[in-house]
Amino acid sequence: MCGIIGVTGAADALDILLDGLERLEYRGYDSAGVALVGDGAIFQARAAEGTHSVASLRAMTQLAPVTQVAGIGHTRWATHGQPNETNAHPHLDCSGAVAIVHNGIIENHLELAESLVAQGHVLASETDTEVLAHLIEDRLRDGVDLEEAVRRALAVVRGAFALVVMSSAEPDLIVAARRISPLIVGVTEQASFLASDIPALLDRTRDLIALEDDQLAVLRPGSVVITDLEGVLVTPTPLIVEWDLEATQRGGYDDFMSKEMAEQPRAVADTLRGRIDATGGIVLDQLDLTDEQLRAISKIVVVACGSSYHAGLVAKYAFERWARIPTEVDIASEFRYRDPVLDDTTLVIGVSQSGETVDTLQAMRHAREDGAHLVVVSNVVDSSMAREADGVLYTRAGPEVCVASTKTVAAQMVALELLALHLAQVRGTLEDATLAEHLVALGELEGLLTIALDRGDAVAAVAEGLADASDFFFLGRHAGFPTALEGALKLKELSYLHAEGYPGGELKHGPIAVIEPGCVVVAVATGGPLREKMLSNVSEVKARGATVVIVAADGDEEVASLADFVLMVPGTDELLSPVVDIVPLQQLAYHLARHRGLDVDRPRNLAKTVTVE
Ligand code: M6R
């Protein structure tokens, strides 16, 4: 959630830090800071101007040292302590000779702070992070070098960290360590870099390595040495980065969200590419599960958060109907606390565009302890989850910068449905002809998405008609229910309007009490056996004065009489329809947010990657 950048061996270190921080802004942040070693001391600048902090830093850094040997920078999203300048990173030790930035949470920071204060240390901030600077200062007093001091400090720390440390005593050295929170290092002939995210480094180098848990990196100009926390050398695996920097930029659209919604057809096509062979066989070569293991699966459990959870709900219908495997879908942050029943015939699937969401990562770790097979559906190659799972199924949506997920959700749904068909193929639960039809339907989604996206002007007109509304209910049934949940999530996160998603049949068990004139009900009624029942639910809210918007499949003339507004989408296979049906709901949320003058790419209080529990 916070962003990190660091460099040693570049004369323009400050520019590299500020450019890198700008590229990390999409993660969401409330303050930012840099520290540079040069002219024999550490220079520190911090700003807490919300999303303008990096711009403020640029203005503050004329006083930076002329000779810049190394530097570290950070964008912070507050977890402990207010989002103010004092709490912004980098943090210094008492002497001002050690500077650190940190992502994650130090769980035992209170007890550590108490003992440090008792020893005479003065802690300036309310953060959990600052204790690390003083712990390292304390170990340096034992006469060891910075690398050893970091190791010794980490030995007493509990929690998650991507930690980066500099000292004016060893000016061209940066020491970094990782546990749970991601950290990438890169190197060129002259300089070495590190960052929390790949895009921050792509214009500097493509020689990248993702640190693994409990690894420590020693960066000097042009060299990186990686060890475990005990100091044993490890041979890192280079990261393969297929994205270019251009792909992380807006490409002519007003904002990342528009660009990324428009990329959905390609995201889906790329996710399917090369995974269906000439004979109709489904090839998921990184799953790392034998056909025998796939046939032995007795239960699937999907663990995920937010939009990825909704993709998991869509997949449940496919796993059960096509592969006939009982499937549970859990909100990852709840999963391990319910004592789930798992064994070596359970397939646990983590779904996460970032592959770094800590709740999902921890749910997967819990599942591993109980002996389940782990597969992750991730959009980020070599993400933490990808490295920990037995197998991976990468979505190939490309980098998603907008905080609101769009193209990655479409790609997740398609990847999961392909996996369901693969299971059906291996287990023989579908006729060959039926399976072939579903594969054809999957292949057609690219074109259907393009048609749905091209109708954006019609959605903008509906949004105009709803501009004064402030209460929205999204209803769906069967596979339309997760679509309704995702439509409500998109609307609330982007427009800050009240929005709830419900199964249509549940309405009369409570929520209908709040339906009155002024409420907007958005009903997903694109087909399937429950379309009639969905339309009955619509009649119930219409009778109570709600304004009704219906998402309907092309050719469905009947809905017009029930609706104030109709959003038409091309029809498709019932279980695949969420991939298409969500498009007008994304666009509706987008236009309502724009109408309210809001920043669609960076909604308030939210971050792109949630690496705290
Ligand atoms: O990176 P993940 O897919 O694991 O993220 C999970 C959620 O935080 C995420 O899906 C979030 O709900 C969406 N960005 C909202 O649009």
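No experiment lies behind these values; they were computed from the predicted model shown. (Residues numbered from 1 in each chain as written. Predicted model: local features only at pLDDT ≥ 70, side-chain atom pairs only at ≥ 80, totals over all residues. Heavy atoms only, no water.)

Student: Honestly, the nonpolar core in this entry has me stumped. Any pointers?
Tutor: Inside soluble globular proteins, nonpolar side chains tend to come together where they are buried. Core analysis: the largest hydrophobic core is formed by 91 residues, its most contacted members being Phe-319, Ile-349 and Phe-472. Counting residues in each nonpolar core, the second largest holds 32 residues, with Val-7, Ala-10, Ala-195 and Leu-201 among its members. (Core = buried A, V, L, I, M, F, W, Y, C linked by side-chain atoms within 4.5 Å. Buried < 20%, exposed > 50% of the residue type's maximum accessible area, 1.4 Å probe, protein only.)

Student: Before we go on, may I ask you to explain the site of the ligand in this structure?
Tutor: The full set close to the ligand counts 14 residues, and Ser-308, Ser-352, Ser-354, Thr-357 and Glu-493 are the nearest of them. Ser-354 is positioned such that a nitrogen or oxygen atom in its side chain is 2.6 Å from an oxygen atom of the ligand. Contact with the protein chains covers 91% of the free accessible surface of the ligand, which is 410 Å². Elements that contribute at least two residues to the shell around the ligand include exactly α9 (306-321) and α16 (480-495). (Near = heavy atom within 4 Å. Polar contact = N/O pair within 3.5 Å; in protein donor to acceptor, adjacent residues only side chain to side chain. Areas by Shrake-Rupley, 256 points an atom, 1.4 Å probe, with all protein chains shown as cover. Helix = DSSP H or I, 4+ residues; strand = E, 2+ residues; numbered from the N terminus.)

Student: Would you mind showing me how to read the sheet that holds strand β18 (residues 391-394) here?
Tutor: The strands making up a sheet are joined through hydrogen bonds of the backbone, oriented either antiparallel or parallel. An order of β15-β14-β16-β17-β18 is seen for the 5 strands of this open sheet, with the pairing classed as parallel. Strands with a single pairing partner mark the edges of an open sheet, and in this sheet they are β15 (327-331) and β18. Between one strand axis and the next, the sheet turns by 20° as a mean value, whatever way the strands run. As paired elements, strand β14 (residues 299-304) and β15 share 5 bridges and run parallel to each other. Bridge pairing links Ala-304 to Ile-331 in β15. (Pairing = 2+ DSSP bridges. Axes fitted to C-alpha atoms, helices over the stretch in contact; angles between N-to-C directions.)

Student: How should I be thinking about the pattern of salt bridges in this particular structure?
Tutor: Between side chains of opposite charge, a pair can form when the charged atoms approach closely. Summed over all chains, the structure comprises 36 salt bridges. Two residues, Lys-259 and Glu-263, come together in a salt bridge whose shortest N-O distance is 3.0 Å. Take Lys-259: its relative accessible area is 7%, and that puts it in the buried class. When the shortest N-O distance is used, the salt bridge between Lys-299 and Glu-328 registers 3.4 Å. One end of the pair, Lys-299, is in strand β14; the other, Glu-328, is in strand β15, and 29 residues separate them in sequence. Its relative accessible area of 16% is what places Lys-299 among the buried residues. Linked through salt bridges whose partners overlap, the residues forming this network are Asp-19, Glu-22, Arg-23, Arg-58, Asp-203 and Arg-204. (Salt bridge = Lys/Arg side-chain N within 4 Å of Asp/Glu carboxyl O.)

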